Amino acid sequence: SGDKYATNLASRTAVGFDANGRMMIIQIDGSIAVGHNKRGLDMKRLADLLIKLGAVNAINLDGGGSSAMSFDHQLINYPSDN
C-alpha cells in the first residue's frame, strides 16, 4: 500500500533542484533485510535530506533493490538486488 511504501526503509532515487536551478540526484542504498539490519530511508527522511541539501523542488524516481547509480561508467553504489 501507499502507507507501507512511504514508511518502509528502502532504496530511494530522487532528483531535486535548488533555488538556482541546479540539479541534484540522490541515490540511497537499501536492503531487503528486516529489523536492525534494514538499510535505506523512508519517504519523510528522503524529503528531509533533499531539503537539507537545498532542494526547493524534487521528485522520487525509484525505490527498491535495483536502484543503481553510476559515474564515469562505474557503479558507485551497492544495489541490494545483485
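Below: a short report on this structure. Computed from a predicted model, the values in this text were never measured in an experiment.

### Focus: the overall build of the protein chain
A count of helical and extended segments in the protein chain gives two helices and five strands. Mapped from its N terminus to its C terminus, the protein chain presents α and β elements in the order α-β-β-α-β-β-β. A globule of 82 residues ought to have a C-alpha radius of gyration of about 12 Å, and the protein chain, at 13 Å, matches this closely. Projected onto its principal axes, the C-alpha positions of the protein chain cover 40 × 35 × 20 Å. Looking at the protein chain as a whole, 29% of its 82 residues are labelled buried. Considering only residue pairs separated by 6 or more positions, the protein chain has 58% of its internal contacts joining residues 24 or more positions apart. Surface accessibility of the protein chain: about 5,800 Å² in total, with carbon and sulfur atoms responsible for 56%. On the protein chain, the mean spot of the 8 positive side-chain charges and the mean spot of the 8 negative ones are 6 Å from each other.

### Topic: the sheet that holds strand 3 (residues 57-63)
Ordered in space as 2-1-3, the three strands form an open sheet in which the pairing is antiparallel. Edge strands, defined here as strands with exactly one partner in the open sheet, are strand 2 (23-28) and strand 3. Between one strand and the next, the sheet's axes are offset by a mean angle of 15°, whatever the strand orientation. As defined by bridge partners, strand 1 (residues 12-17) adjoins strand 3 across six bridges and the pair is classed as antiparallel. Considered in strand 3, the bridge of Phe17 is made with Asn57. Relative to strand 2, helix 2 (residues 43-52) is tilted by about 145°, and along the sheet it contacts strand 1, strand 2 and strand 3.

Reading guide: rules and limits
- Residues numbered from 1 in each chain as written.
- Predicted model: local features only at pLDDT ≥ 70, side-chain atom pairs only at ≥ 80, totals over all residues.
- Heavy atoms only, no water.
- Helix = DSSP H or I, 4+ residues; strand = E, 2+ residues; numbered from the N terminus.
- Rg over C-alpha atoms; globule rule 2.2 N^0.38 Å.
- Buried < 20%, exposed > 50% of the residue type's maximum accessible area, 1.4 Å probe, protein only.
- Contact = heavy atoms within 4.5 Å.
- Areas by Shrake-Rupley, 256 points an atom, 1.4 Å probe, with all protein chains shown as cover.
- Lys, Arg positive; Asp, Glu negative; His and termini not counted.
- Charge placed at Lys NZ, Arg CZ, Asp CG, Glu CD.
- Pairing = 2+ DSSP bridges.
- Axes fitted to C-alpha atoms, helices over the stretch in contact; angles between N-to-C directions.

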